[in-house]
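Next come the chains, spelled out residue by residue.
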Amino acid sequence: MTKRLHPLLIRILHWNNAVVMIVMITSGWGIYDDDVIIRGLHFSQTFRLGSWAAESLLWHFAGMWLLAINGAVYLAYGLASGRLRERLLPIRVADVIHTIRDTLHFRIAHEDLTTYNAVQKLLYIVAIVAGVSQVITGLAIWKPVQFSWLVTLMGGFQSARVLHFLGMSVIVGFMIVHVALAILVPSTLWAMVTGGPQVPNRRHQGEAVP
Ligand code: HEM
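First, a word on scope: everything that follows refers to the structure included in this document. Please read these numbers as outputs of a predicted model, since none were measured by experiment. (Residues numbered from 1 in each chain as written. Predicted model: local features only at pLDDT ≥ 70, side-chain atom pairs only at ≥ 80, totals over all residues. Heavy atoms only, no water.)

Brief notes about the coordination of the iron atom of the ligand
Bound to the iron atom of the ligand are the protein donor atoms H14 (NE2) and H178 (NE2), situated 1.9 to 2.0 Å from the metal. One can describe the donor arrangement at the iron atom of the ligand as octahedral, given that its six donor atoms subtend angles of 82 to 180 degrees at the metal. Of the two residues, H14 sits in helix α1 (residues 8–32) while H178 sits in helix α7 (residues 157–184), which places them 164 residues apart along the sequence. Classification of H14 as partly exposed rests on a relative accessible area of 23%. Looking at H178, the relative accessible area reads 23%, which means it is partly exposed. (Donors = N, O, S within 2.8 Å, 3.2 Å for Na, K, Ca; no water. Tetrahedral: all angles 85-135°; square planar, octahedral: opposite > 155°, others 65-115°. Helix = DSSP H or I, 4+ residues; strand = E, 2+ residues; numbered from the N terminus. Buried < 20%, exposed > 50% of the residue type's maximum accessible area, 1.4 Å probe, protein only.)

Structural data, given as structure tokens:
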């Protein structure tokens, strides 16, 4: 039995996530600008979703449900199908060093779409963890009374805001590298649109999957 490298559900979730992330980031910048964390750091209106903070907040609240539901479905599917483990684990330190060394020597291989290299795996895990942490820190800032224990755990309301800002920065950094690589290796982009090559479906081959 075979299946597509990126099953339809994964593609829908991935592109949904990409659009919602852009909505969350740009509306977040609109909210941020009303009460900045880093003095002197403002986001231009060109990159803000919403003409003023209250409108940006409405976008942010609308997007957060989609982000959380989309992410929860991705994680549930990834854990139940074994995809997360199959595609993103294991990560060995030696492989990370090896991949970084190869990249610095412009020897990075990308003919094989079916496996992620160690750095890719690491970056995807960072992006997933950052996405989950954005939902948690966001909850703390949104409902600081109901989730006061979460606010306390984060060291107070302002620290929760800073953590939320840091999470956004990690995701923006990830997206810049991620989109640049997708453009550099368009076959990966095409595979994320069409599903990519057929790969063996390990579930139907009696192999152990979680
Ligand atoms: C317009 C923006 C984006 C583009 C063009 C894009 C493109 C891609 C492509 C081409 C792949 C497949 C990589 C490969 O097969 O080598 C991929 C996978 C992935 N992307 Fe994106 N992406 C975007 C936004 C995002 C965002 C915002 C996130 C999360 C913050 C994200 C997280 C991931 C993850 C976790 C995977 C691995 C999925 C899996 O195999 O289960 N992407 N992306």
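A look at the site of the ligand
Taken together, 18 residues are adjacent to the ligand, and H14, Y74, R83, Y116 and H178 come closest. A distance of 2.7 Å separates a nitrogen atom of the ligand from a polar side-chain atom of H14. Q120 has a polar side-chain atom sitting 3.1 Å from an oxygen atom of the ligand. Elements with a minimum of two residues in the shell around the ligand: α1, α5 (118–142), α7 and α8 (186–194). Looking at which element gives the most residues to the shell around the ligand, the answer is α1, with five residues. When grouped by side-chain class, the residues that make up the shell around the ligand number 11 nonpolar, six polar and one charged. (Near = heavy atom within 4 Å. Polar contact = N/O pair within 3.5 Å; in protein donor to acceptor, adjacent residues only side chain to side chain. Nonpolar A, V, L, I, M, F, W, Y, C, P; charged D, E, K, R; others polar.)

Some remarks on the pattern of salt bridges
Any two side chains of opposite charge can pair, on the condition that their charged atoms come close. Applying the stated criterion to the full structure yields four salt bridges. K3 is the salt-bridge partner of E86, the closest N and O atoms lying 3.6 Å from each other. Separated by 83 residues along the polypeptide, E86 in helix α3 (residues 83–88) and K3 in strand β1 (residues 2–4) bring together distant segments of the chain. On the basis of relative accessible area, E86 is assigned to the partly exposed category, the value being 25%. R48 is paired through a salt bridge with D33; the nearest N and O atoms lie 3.3 Å apart. Within this pair, whereas R48 is found in the loop between α1 and α2 (53–81), its partner D33 is found in the loop between α1 and α2, the two being separated by 15 residues in sequence. For R48, a relative accessible area of 22% translates into the label partly exposed. Note on D33: relative accessible area 17%, which makes it buried. (Salt bridge = Lys/Arg side-chain N within 4 Å of Asp/Glu carboxyl O.)

Concerning a nonpolar patch on the surface
A surface patch of nonpolar side chains, amounting to about 470 Å² of accessible area, comprises L9, W65, I69, V73 and W142. Looking at the nonpolar patch element by element, the count peaks at three residues for α2. Looking at the element boundaries, I69 is found in helix α2. (Patch = residues over 30% accessible without salt bridge, like charges linked within 9 Å, V, L, I, M, F, W, Y side chains within 5 Å. Areas by Shrake-Rupley, 256 points an atom, 1.4 Å probe, with all protein chains shown as cover.)

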